[in-house]
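# Descriptive analysis of the structure
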Amino acid sequence: MPFTLHINGSAREVDVDGDTPLLWVLRDVLGLYGTKFGCGAGLCGACTVHQDGVAIRSCITPVESVGAQRITTIEGIGATAVGQAVQKTWLELDVVQCGYCQSGQIMSATALLAATPRPTPADIVGGMSGNICRCGTYVRIQAAVQRAATLIPIKAA
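It should be emphasised that the depicted structure is a prediction, and the values quoted were computed from it without experimental measurement.

Thresholds, definitions, all that
- Residues numbered from 1 in each chain as written.
- Predicted model: local features only at pLDDT ≥ 70, side-chain atom pairs only at ≥ 80, totals over all residues.
- Heavy atoms only, no water.
- Patch = residues over 30% accessible without salt bridge, like charges linked within 9 Å, V, L, I, M, F, W, Y side chains within 5 Å.
- Areas by Shrake-Rupley, 256 points an atom, 1.4 Å probe, with all protein chains shown as cover.
- Salt bridge = Lys/Arg side-chain N within 4 Å of Asp/Glu carboxyl O.
- Lys, Arg positive; Asp, Glu negative; His and termini not counted.
- Charge placed at Lys NZ, Arg CZ, Asp CG, Glu CD.
- Helix = DSSP H or I, 4+ residues; strand = E, 2+ residues; numbered from the N terminus.
- Buried < 20%, exposed > 50% of the residue type's maximum accessible area, 1.4 Å probe, protein only.
- Polar contact = N/O pair within 3.5 Å; in protein donor to acceptor, adjacent residues only side chain to side chain.
- Contact = heavy atoms within 4.5 Å.
- Core = buried A, V, L, I, M, F, W, Y, C linked by side-chain atoms within 4.5 Å.
- Pairing = 2+ DSSP bridges.
- Axes fitted to C-alpha atoms, helices over the stretch in contact; angles between N-to-C directions.
- Parallel < 35°, antiparallel > 145°, perpendicular 65-115°, else oblique.
- Left-handed = near helix turned anticlockwise from the far one by under 90°.
- Expected span 1.5 Å × (residues − 1).

### Quick word on a negative patch on the surface
A cluster of acidic side chains, namely Asp15, Asp17, Asp19 and Glu64, defines a negative patch on the protein surface. Position of aspartate 19 relative to the elements: it lies in the loop between strand 2 (10-15) and helix 1 (22-29). A relative accessible area of 59% means that aspartate 19 is categorised as exposed.

Quick look at the structure:
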């Protein structure tokens, strides 16, 4: 079945079964390999992408449910000021160890900071709790999110 997906600012045509997980459309059909397969049950966070700015698990999201909503992957997150700040602090604090979970971590951190620009430590722990890092870099991840928050200008209402 044909679908038009709005991915990283571009319309992309795909022809897949409607129940195909978005993760496999991104990776296998569109060649966007930054989004990772972890558990296949939406529990580990490795497959996190944004759907209209909200972090979702692409491994359990059927492509037919996406509709006209905008999907942002790790490949496109640097186009936003928040994404740039998160990527910058990830590098500055040397967050990555093995790196497998980090695209999902960055996507969750970016969604958290977009929704809560000045998070408390508890906000960060809560907002990042759905992402597993087998290397245990949680302290560096939390520090990077906190530092990224200081780089994001707060817009006056």
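Next comes the rest of the description.
### Focus on the side chain of glutamine 102
Along the polypeptide, glutamine 102 turns up in helix 3 (residues 102-115). A distance of 2.5 Å separates a polar atom in the side chain of glutamine 102 from a polar atom in the side chain of tryptophan 90. The residues touching glutamine 102, leaving out its near neighbours within four places in the chain, are Trp90, Val95, Val96, Cys133, Thr137 and Ile141.

### Thoughts on the nonpolar core
With 22 residues, the main nonpolar core has Val86, Trp90, Leu113, Ile141 and Val145 as its most contacted residues. If you list the elements that add at least two residues to this core, you get helix 2 (81-92), helix 3, helix 4 (121-128) and helix 5 (138-151). Setting aside residues no more than four positions away along its own chain, valine 145 makes contact with Trp90, Ala109, Leu112, Leu113, Ile124 and Met128. Formed by 15 residues, the second largest nonpolar core is a distinct cluster that contains Ile7, Leu22, Leu30 and Ile56.

### Considering the sheet that holds strand 3 (residues 48-51)
Within the open sheet, the five strands sit side by side as 2-1-5-3-4. Their pairing is mixed. Of all strands in the sheet, those bounded by a partner on one side alone are strand 2 and strand 4 (54-57). In this sheet, adjacent strand axes meet at a mean angle of 40° when their direction is disregarded. Bridge analysis of strand 1 (residues 2-7) against strand 2 gives six bridges, and the strand direction is antiparallel. Counterpart to phenylalanine 3 in the pairing with strand 2 is valine 14.

### Observations regarding the pairing of strand 1
Only one face of strand 1 is covered, namely the one carrying Phe3, Leu5 and Ile7; the face carrying Pro2, Thr4 and His6 has none of its residues buried. The hairpin turn running from strand 1 into strand 2, its antiparallel successor, is two residues long, and asparagine 8 in that turn takes a positive phi close to 50°. Of the strand pairs in this sheet, strand 1 and strand 5 (residues 70-72) are connected by two bridges, and their pairing is parallel. By the bridge assignment for strand 5, histidine 6 is matched with arginine 70.

### Focus on the packing of helix 3 against helix 5
Look at helix 3 against helix 5: their axes get within 11 Å of each other, and the N-to-C directions meet at 40°. Compared by their axis directions, helix 3 and helix 5 come out oblique. In this structure, helix 3 crosses over helix 5, and the sense of that crossing is right-handed. Contacts between helix 3 and helix 5 involve Gln102, Gln105, Ala109, Leu112 and Leu113 from the former and Ile141, Val145, Ala148 and Ala149 from the latter.

### With respect to helix 3
The first and last C-alpha atoms of helix 3 sit 20 Å apart over 14 residues, in line with the 20 Å expected at 1.5 Å per residue. Where burial is concerned, most of helix 3 is hidden: 12 out of the 14 residues are buried. Within the span of helix 3, buried status applies to Gln102, Ser103, Gly104, Gln105, Ile106, Met107, Ser108, Ala109, Thr110, Ala111, Leu112 and Leu113. Of the surrounding secondary structure, the elements contacted by the buried residues of helix 3 are strand 3, strand 4, strand 5, helix 2, helix 4 and helix 5.

### Quick word on the pattern of salt bridges
If you walk through the whole model with that rule in mind, you get three salt bridges. Taking the shortest distance from any N to any O, the salt bridge between arginine 70 and aspartate 52 comes out at 3.3 Å. Of this pair, arginine 70 sits in strand 5 while aspartate 52 sits in the loop between strand 3 and strand 4; the two residues are 18 residues apart in sequence, bridging distant segments of the chain. Relative accessible area serves as the criterion here: at 34%, aspartate 52 is assigned to the partly exposed category. Among the salt bridges present, the one from glutamate 92 reaches lysine 88, with a minimum N-O distance of 2.5 Å. Residue glutamate 92 and its partner lysine 88 are located together in helix 2, separated by four residues, close to a single helical turn. For glutamate 92, a relative accessible area of 40% puts it in the partly exposed group. Exposure remark for lysine 88: the relative accessible area of 41% places this residue in the partly exposed category. It is possible to trace a salt-bridge network through shared partners that takes in Lys88, Glu92 and Arg147.

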